[in-house]
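Inside the fold
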Amino acid sequence: MFKLIYRKYGHRLYFKDDVLSGLTVSLALVPEAVAFAFVAGIEPIIGLYAAFMVGLITAIFGGRPGMISGATGALAVVMVDLIADHGIEYLFPTVILMGIIQVSAGLFKLGKFIRLVPHPVMFGFVNGLAIVIFLAQRPQFTTNPTVSGSPFMEGVDLYLMLGLVALTMFIIQALPKLTKAIPSALAAIIAVTLLAIGIESFTGIHLRTVGDLTPEGISGSLPTFHSIVIPFSLASLKIIGPYALILAAIGLIESLMTMSLIDELTETRGQGNRECVGQGLANIFTGFFGGMGGCAMIGQSMINIRSGGRGRLSGITAALCLLAFILWASSLIEIIPMAALTGVMFMVVFGTFEWTSFRILHKIPKPDAFVIILVSVVTVLTDLALAVASGVIFSALSFAWQSAKHIKVISKQDEGDVKIYNIYGPLFFGSVQEFQNSFSPRNDTGEVIIDFKGSRVWDHSGIEAISALAERFKNADRKLHFRHLSQDCLNLLDKASDMVEVNIVEDPSYKVAVDI
């Protein structure tokens, strides 16, 4: 337990930083959970329960200390269709199945595939999410944030809102230059809340608060076990299965991408597979106790990291403080002006967006620049999973296209009537056509040697290209020898194995990827 709470860097203990940053995060969790519950079409308390349970369990069992999880908009926009079409009771078993899928992904070590995400995709991911967080604050500047399409504020209300948002941002930016004894975001929320109370006392002008978003209040009891009431049948599985799979994918992608971002900021490394298991356990638990499920929250995670939170205690504190708000201190949270929390989120936007991407766009390869823009746009217009998938696919195809150009075939005439072809570069599905076009068996006389010492066969397409080439030389009645092929290539060649010269010392040793 001591190691869970206390983290030692050098000779300093950061217990205070974790507790204060966790408290700051808990204040920002309330309006987000309430807002995402509205998006999903459910009661606010369901979103708050999810924020508490998912946040607590992932903080304890997840693979990234300091990362904050809870109810998120990326999942809410998927849940809304399920709830609208089939009712709220279908949500909870869907969340449970989502968690089971995520735990399975962790147990099967699928979290490691986050390493396959290229850096331009990461740039696009954080830029897109920063824009999404920014756009999510738009309703706070309307006359009624809970009603879609409400007109924007005007007059004094708008000016006061903008002024308090600006003040919040100023305090967050300036306070660390004076003292770091208290997280600047927490200090800004307290200061702006007191100012808003003063303004209302002296002028009678009411500034929108957290309580205004939830007229019924955010108070509640401890989460209780929620029985699954839908029938256990194949028909039910057909309904919840596709939603659970999509939710699991979005949740893991957002969590693992956020983990990678925090790794970069803190110069440490999280455990991807453990994070998958932690997220899954959290969603299984919250599904059985009436929560909407969740995943990592990049905005709140950035608040935590920039407020000094680095250990598991910060996430635990945030979750427990949120529970305390629900049980005993809802009246205090409900008086916090939305302008203060909006200002905090705007600072998250500025801190999250990769402003350097503008400077490097004309310096990096054009495909990478396109990927940054593509992922950013798709994240804003659709969802994170599709954005990351499109970025990875485009990057992979771009890499394959570029690599296909790097194969070279250089021929020379050896002593006697022997022609040697030296192959350089990777032989895979993208380069097999260029490889095959480099040979003309009927124009070669005598023996031919194809040397793969400077090349590597990457996949089954390469093996098939070698086998087809052997067939072409055989039909042209030419003697052909292959040198420096790996044992895997030899085992897979069905038409040319007798043409391979085996050299135990010089032949390479590597595996060939094949479709099985």
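Presented here is an overview of the structure given in this document. (Residues numbered from 1 in each chain as written. Predicted model: local features only at pLDDT ≥ 70, side-chain atom pairs only at ≥ 80, totals over all residues. Heavy atoms only, no water.)

**Here we look at the overall build of the protein**
Within the protein, the secondary structure is distributed over 21 helices and nine strands. With the principal axes as the frame, the protein shows a C-alpha extent of 105 × 55 × 50 Å. The buried share among the 516 residues of the protein stands at 52%. Here the analysis covers contacts within the protein between residues at least 6 apart in sequence; of these, 79% occur between residues at least 24 apart. Looking at the protein as shown, the accessible area adds up to about 24,300 Å², and 63% of this sits on carbon and sulfur atoms. In the protein, which carries 36 positive and 39 negative side-chain charges, the distance between the mean positions of the two groups comes to 8 Å. (Helix = DSSP H or I, 4+ residues; strand = E, 2+ residues; numbered from the N terminus. Buried < 20%, exposed > 50% of the residue type's maximum accessible area, 1.4 Å probe, protein only. Contact = heavy atoms within 4.5 Å. Areas by Shrake-Rupley, 256 points an atom, 1.4 Å probe, with all protein chains shown as cover. Lys, Arg positive; Asp, Glu negative; His and termini not counted. Charge placed at Lys NZ, Arg CZ, Asp CG, Glu CD.)

**Things to note about the side chain of Ser330**
Within the element layout of this structure, Ser330 appears in helix 14 (residues 330–333). Ser330 gets classed as buried once you look at its relative accessible area, which sits at 11%. Among residues more than four places away in sequence, those in contact with Ser330 are Ile218, Ser219 and Phe325.

**Describing the nonpolar core**
Ranked by size, the top nonpolar core spans 116 residues in total, and within it Val30, Met79, Met292 and Leu322 carry the most contacts. Sorting elements by how many residues they give to this core places helix 10 (residues 234–266) first, with 12 residues. Membership of the second largest hydrophobic core comes to 24 residues, among which are Val432, Phe439, Phe452 and Val512. (Core = buried A, V, L, I, M, F, W, Y, C linked by side-chain atoms within 4.5 Å.)

**A short note on a positive patch on the surface**
Taken together, Lys109, Lys112, Arg115 and Arg269 make up a surface patch of like positive charges. Turning to its location among the elements, Arg115 is positioned in the loop between helix 5 (91–107) and helix 6 (119–136). Among the residues examined, Arg115 registers a relative accessible area of 61% and is labelled exposed. (Patch = residues over 30% accessible without salt bridge, like charges linked within 9 Å, V, L, I, M, F, W, Y side chains within 5 Å. Salt bridge = Lys/Arg side-chain N within 4 Å of Asp/Glu carboxyl O.)

**Points about the packing of aromatic side chains**
Overall, the coordinates contain 15 aromatic pairs when judged by the stated rule. A ring pair is formed by Phe285 and Phe289, whose centres lie 4.6 Å apart and whose planes are at 20°; its orientation type is stacked. On the accessibility criterion, Phe289 (22% relative accessible area) is partly exposed. A network of ring pairs unites the aromatic residues Tyr421, Phe435, Phe439, Phe452 and Phe482 as a single cluster. One cation-aromatic arrangement involves Arg456 over Trp458; the distance from NZ or CZ to the ring centre is 4.6 Å. (Phe/Tyr/Trp six-rings, centres within 6.5 Å; stacked < 30°, edge-to-face > 60°. Lys NZ or Arg CZ within 6 Å of the ring centre and 35° of its normal.)

**With respect to the packing of helix 3 (residues 44–61) against helix 13 (residues 312–327)**
Where helix 3 contacts helix 13, the axes come no closer than 8 Å and their chain directions differ by 155°. Between helix 3 and helix 13, the angle is such that the two are roughly antiparallel. Here helix 3 and helix 13 pass one another in a crossing that is left-handed. In this structure, helix 3 contributes Ile45, Leu48, Ala51, Phe52, Gly55, Leu56, Thr58, Ala59, Ile60 and Phe61 to the contact, and helix 13 contributes Arg312, Gly315, Ile316, Ala319, Leu320, Leu322, Leu323 and Ile326. Across the contact of helix 3 with helix 13, the residue classes break down as 14 nonpolar, three polar and one charged. (Axes fitted to C-alpha atoms, helices over the stretch in contact; angles between N-to-C directions. Parallel < 35°, antiparallel > 145°, perpendicular 65-115°, else oblique. Left-handed = near helix turned anticlockwise from the far one by under 90°. Nonpolar A, V, L, I, M, F, W, Y, C, P; charged D, E, K, R; others polar.)

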